[in-house]
Amino acid sequence: MAQVPDDTAPLLLFDSGVGGLSVLAEIRKVLPDAPVIYVADHAGLPYGEKTEAEIAARVCGLLGRLAERYQPRLVCIACNTASTIALAMVRDVLEVPIVGTVPAIKPAAEITQSGVIGLLGTAATIRQPYVDRLEAEFARGKVLLRHAAPELVAAAEAKLRGQSVDPVVFARAAAGLTAQGRGAEIDTVVLACTHFPLVASELAEAFGGAVNFVHGGSGIARRVQVLVGGQTFERNGPDFALFTGKDEAAVRQLAPVLAGMGLQQIAML
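Turning to the sheet that holds strand S1 (residues 11-15), a few remarks are in order. Read from one edge of the open sheet, six strands run S4-S3-S1-S2-S9-S10, paired in parallel fashion. Each edge of the sheet is formed by a strand with only one pairing partner; in this case those strands are strand S4 (98-99) and strand S10 (265-268). Bridge analysis of strand S9 (residues 240-243) against S10 gives four bridges, and the strand direction is parallel. Bridge assignment links Ala241 to a residue of S10, and that residue is Ile266.

Printed below as a string of structure tokens:
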């Protein structure tokens, strides 16, 4: 029988940066009373430019230490790149429920009218066999065009620090899809990185408002809600964010955004 977690046991959300805040926003809607620890591995950012072996070792190592220290009731890997590469390995290592983040190809295939879907992700995500399997299973008969847009990760991080981002960054991401064969027919775009919903309004402008964006945030929140169903929650302190790395000044620039997400304290890991 599964052990009932302590009422104060937190949900632990993990991402390479602040992208996972788009997932936290959805979790807050369905589990407003759940204590949360948000972990951003800024020292490893960006994951999308690393090898699979580097990502797997880093994610498994960090989550192992974090789970031992904070005893979470559930871990959510709020990062597409980390999930598509390391999810199975993390589940082998940890003894708590693990929820991953996968590209929302299934819902995109269900709503597309043109049959042509775009997918924006990191270089590491879009090349994964896992994405090939999702395409084969859920987008059969559809066209899925992929484009790596690593600039959008930095753009989202900069936006949340209150910095301006050149619109050319978003135009390049849109063109990376629309310039491909049949790209002009795209009516639905999968945002296959949790950072990307944070710049959805800028992307919408770059695409000319002609596409629907789909991401997995609400589905992840529903899965988390199911897995902790019937459990009770009690906070013994404020929710907080942990950041790896040494650039504390850059992290402090995120304080207003983090506070708006209910993360009242920041610490460096």
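A separate point is the sheet that holds strand S7 (residues 188-191). Read from one edge to the other, the open sheet built from four strands follows the order S6-S5-S7-S8, with strand pairing classed as parallel. Every other strand in the sheet has two partners, leaving strand S6 (143-148) and strand S8 (212-214) as the edge strands with one partner each. Ignoring which end each strand starts from, the neighbouring axes of this sheet average 25° apart. Pairing between strand S5 (residues 116-121) and S6: six bridges, direction parallel. By the bridge assignment for S6, Val116 is matched with Val143.

The next point concerns unusual backbone geometry. Going from Leu45 to Pro46, the amide bond is cis rather than trans, its omega being 0°. Along the polypeptide, Pro46 turns up in the loop between strand S2 (36-40) and helix H2 (52-70). The residue Gln71 is not glycine, and still its phi comes out positive at about 45°. Summarising the element assignment, Gln71 is placed in the loop between H2 and strand S3 (74-77). Among the residues examined, Gln71 registers a relative accessible area of 53% and is labelled exposed. At Arg182, a residue that is not glycine, the phi angle is positive and equals roughly 70°. With respect to the helices and strands, the residue Arg182 is situated in the loop between helix H8 (167-178) and S7.

Turning next to the packing of aromatic side chains. Taken as a whole, this structure holds two aromatic pairs when the rule is applied. An angle of 70° between the planes, with centres 5.8 Å apart, marks the rings of Phe207 and Phe213 as edge-to-face.

Let us look at the nonpolar core. Formed by 52 residues in total, the largest nonpolar core has its most connected members in Leu11, Leu13, Leu21, Leu120, Leu152 and Phe243. In this structure, Leu21 is in contact with Tyr38, Leu160, Val257, Leu258, Met261 and Leu263, ignoring residues within four places of it in sequence. The next biggest cluster of nonpolar side chains, apart from the first, holds 26 residues, and it includes Cys60, Leu66, Leu87 and Ala124.

Analysis parameters
- Residues numbered from 1 in each chain as written.
- Predicted model: local features only at pLDDT ≥ 70, side-chain atom pairs only at ≥ 80, totals over all residues.
- Heavy atoms only, no water.
- Pairing = 2+ DSSP bridges.
- Helix = DSSP H or I, 4+ residues; strand = E, 2+ residues; numbered from the N terminus.
- Axes fitted to C-alpha atoms, helices over the stretch in contact; angles between N-to-C directions.
- Buried < 20%, exposed > 50% of the residue type's maximum accessible area, 1.4 Å probe, protein only.
- Phe/Tyr/Trp six-rings, centres within 6.5 Å; stacked < 30°, edge-to-face > 60°.
- Core = buried A, V, L, I, M, F, W, Y, C linked by side-chain atoms within 4.5 Å.
- Contact = heavy atoms within 4.5 Å.

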